[in-house]
Amino acid sequence: MKKLVLMLAVASMTASVSAQTVSESKTFDNFYVGINGGVATKTTGHKWMSDLNPNAGVRVGRYFTPVFGLAVEGNAYFSNKPWASTGTFVRAVNTQLLATINFSNWFGGYQGEPRMFEVSAVYGLGWAHTFRATGKHAMNSRYADRYFMNKAYEPANRMTSKVGIDFQFNLGKEKEWQVYVEPSINYAFLGQAAADDGNYIFSARYGFKSYTNNDQPAYNIHNSFVQLNAGIIYKFKNSNGTHNFTIVVPRDQAEIDALNAQINELRNRKPEVITKEVVKEVAAPVKQINVSDLVFVTFAQGKFDLTKEAKAALNGVKEGSHVQIVGTASPEGGAEINQRLSENRANVVADYLKTRGVIVDEAVGKGVQGNTSNRLAVVYVR
């Protein structure tokens with residue numbers, strides 16, 4: 001219990017630290033799914049590497065911050081070694097709720113995308129079920145005695161706990177794939193067994209020498225097995241267009257006020273007349289470009305969804321008008337992401353205006369336009 005409380009405290013601290021550096025996540029962001037497999041063997045009481053128990057499993061999880069996450073993992077174990085045979089293809093299943101702590105991001109900071117190589121810790125509690133064995137499969141002959149011989153034993157349900165280290169390799173163009181190697185130790189909380197020879201308990205349920213735990217749960221190395229698994233996971237795409245967290249550059253109130261003042265100045269500026277001198281023939285009059293011909297559409301940080309206010313502003317563009325649209329992004333984030341974001345902003349405005357009968361001559365994204373670039377799409381009504 002102390003270990004569980006400590007892990008929850010660490011999780012709370014890491015969540016508060018990293019939440020200030022990354023963009024907000026939606027409900028279904030930062031989910032992943034993966035498969036794993038490997039071998040396990042009892043920690044004590046027999047020769048290592050001689051009784052390996054193969055297993056395979058599935059892991060589904062979510063990262064809440066670049067440091068902290070939760071996952072549900074289920075594994076099936078196929079061999080009876082070194083225990084007595086159960087007479088079933090799958091001897092046992094183990095399902096656990098795991099907390100994950102990314103040490104690389106905790107101590108080294110998150111840089112905007114995962115590193116090529118990272119180290120994480122996993123810890124959790126779960127439930128294991130050993131399937132029923134009857135008749136000749138009930139006992140292994142090397143442990144049989146007059147008390148347990150030819151006795152069927154009931155299926156066993158036990159609380160379990162896993163502690164492990166993940167050595168992770170992030171792969172793919174957008175680091176959407178992760179391959180990991182995980183050594184771990186898994187404890188079974190057996191409780192008080194039925195028979196005692198003075199030094200240890202012989203468990204009919206398990207067919208091997210175990211040790212009594214008078215106060216459950218207890219972490220007893222004699223009631224544990226070590227496991228070495230390898231796995232691969234896929235991180236689903238998020239609402240921000242990437243498969244991972246993105247960095248948000250904090251803005252202080254003074255900078256926000258300065259940007260708002262700049263926008264208000266543009267809105268209140270008197271119309272400026274631009275004329276072209278004609279030397280030879282009198283050409284058609286040049287259209288005057290006024291601030292009133294510009295429609296400013298603002299967006300939320302890292303988003304390109306149209307708000308109610310944005311749609312209200314665009315509704316003022318008359319049907320049949322010709323327009324040019326330029327999308328921009330604020331300086332935070334990488335150049336590639338900002339360019340794609342500005343293009344998406346221009347395109348979403350263009351699509352909305354087309355539905356209202358407006359003729360879109362051009363819609364382009366310009367990325368970041370200087371240090372004071374804001375999250376805008378500017379519509380020029382010709």
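Just above sits the structure.
Residues numbered from 1 in each chain as written. Predicted model: local features only at pLDDT ≥ 70, side-chain atom pairs only at ≥ 80, totals over all residues. Heavy atoms only, no water.

Looking now at the sheet that holds strand β7 (residues 177-189). Reading around the barrel, the eight strands line up as β1-β2-β3-β4-β5-β6-β7-β10 and close back on themselves, with antiparallel pairing between neighbours. Taken over all neighbouring pairs, the strand axes of this sheet differ in orientation by 25° on average, direction set aside. Looking at chain direction, strand β4 (residues 92-102) and strand β5 (residues 117-130) are connected through eleven bridges and run antiparallel. Paired with T95 across the two strands is W127, which belongs to β5. (Pairing = 2+ DSSP bridges. Helix = DSSP H or I, 4+ residues; strand = E, 2+ residues; numbered from the N terminus. Axes fitted to C-alpha atoms, helices over the stretch in contact; angles between N-to-C directions.)

Here we take up the sheet that holds strand β11 (residues 294-298). Strand order in the open sheet formed by four strands is β11-β14-β12-β13, and the pairing between neighbours is mixed. Every interior strand has two partners, whereas the edge strands, β11 and β13 (359-368), have only one. The sheet shows a mean angle of 15° between the axes of neighbouring strands, direction not considered. In this sheet, β13 lies alongside strand β12 (residues 322-329) in parallel orientation, the contact comprising seven bridges. From the neighbouring strand, H322 faces β13, where its bridge partner is I359. Contacts from helix α5 (residues 335-355) reach β11, β12, β13 and β14 (376-381) within the one sheet, and its direction differs from that of β13 by about 160°. (Contact = heavy atoms within 4.5 Å.)

According to the stated counting rule, one finds six salt bridges in the structure shown. The residue R59 makes a salt bridge to E73 at a minimum N-O spacing of 2.8 Å. Of the two residues, R59 is situated in strand β2 (residues 53-63) and E73 in strand β3 (residues 68-77); the sequence distance between them amounts to 14 residues. Its salt-bridge partner being E336, residue R340 comes within 3.9 Å of it at the nearest N-O pair. Residue R340 and its partner E336 are both found in helix α5; the two are separated by four residues, about one turn of the helix. R340 sits in the partly exposed class, given a relative accessible area of 31%. Residue E336 is classed as exposed on the basis of its relative accessible area of 59%. (Salt bridge = Lys/Arg side-chain N within 4 Å of Asp/Glu carboxyl O. Buried < 20%, exposed > 50% of the residue type's maximum accessible area, 1.4 Å probe, protein only.)

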